[in-house]
Amino acid sequence: MANADALTVLQAENARLISLLESHGIEWRLPPQTAPVAHEPELSRLSTAKKVTLFRRLFRGRTDVFPV
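Since this is a predicted model, take the numbers as computed values, not measurements.

1. Side note on the overall build of the protein
So, step 1. Counting its regular elements, the protein contains two helices and zero strands.
So, step 2. Per-residue burial over the protein gives 1% buried out of 68 residues.
So, step 3. With the model as given, the accessible surface of the protein reaches about 6800 Å², and the carbon-plus-sulfur share is 62%.

Given below as structure tokens:
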């Protein structure tokens, strides 16, 4: 029952804070986001050899990064 009580307390605090923000005219909701347009990633058009070359160029000198 302790979890239910903690949830109730948190929900009441959340409602109080939202009310406080709105009473001061502070926008707290995130703006609606448009769905990203799905398109083929640029890398998928590269050959395997070119992808390896790109990876080596990007991570040259890095000993802490390894390809999987």
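2. Remarks on the environment of Trp28
So, step 1. Within the element layout of this structure, Trp28 appears in the loop between α1 (2–23) and α2 (48–58).
So, step 2. Accessibility expressed as a relative area gives 34% for Trp28, which makes it partly exposed.
So, step 3. In this structure, the C-alpha to C-alpha distance between Trp28 and Ile18, residues 10 residues apart in sequence, is 7.8 Å.
So, step 4. Not counting the four nearest positions on each side in its chain, Trp28 is found in contact with Ile18, Leu21 and Glu22.
So, step 5. Among the polar contacts listed, one links the side chain of Trp28 to the side chain of Glu22, at a separation of 3.0 Å.

3. Thoughts on the pattern of salt bridges
So, step 1. As enumerated under the stated definition, the model contains two salt bridges in all.
So, step 2. The partner of Arg16 in a salt bridge is Glu13, with the nearest N and O atoms 3.0 Å apart. Of this pair, Arg16 and Glu13 are both found in helix α1, three residues apart, which corresponds to roughly one turn of the helix.
So, step 3. The class of Glu13 is partly exposed, set by a relative accessible area of 35%.
So, step 4. The shortest N-O distance in the salt bridge between Glu22 and Arg29 comes to 3.5 Å.

Rules used throughout
Residues numbered from 1 in each chain as written. Predicted model: local features only at pLDDT ≥ 70, side-chain atom pairs only at ≥ 80, totals over all residues. Heavy atoms only, no water. Helix = DSSP H or I, 4+ residues; strand = E, 2+ residues; numbered from the N terminus. Buried < 20%, exposed > 50% of the residue type's maximum accessible area, 1.4 Å probe, protein only. Areas by Shrake-Rupley, 256 points an atom, 1.4 Å probe, with all protein chains shown as cover. Contact = heavy atoms within 4.5 Å. Polar contact = N/O pair within 3.5 Å; in protein donor to acceptor, adjacent residues only side chain to side chain. Salt bridge = Lys/Arg side-chain N within 4 Å of Asp/Glu carboxyl O.

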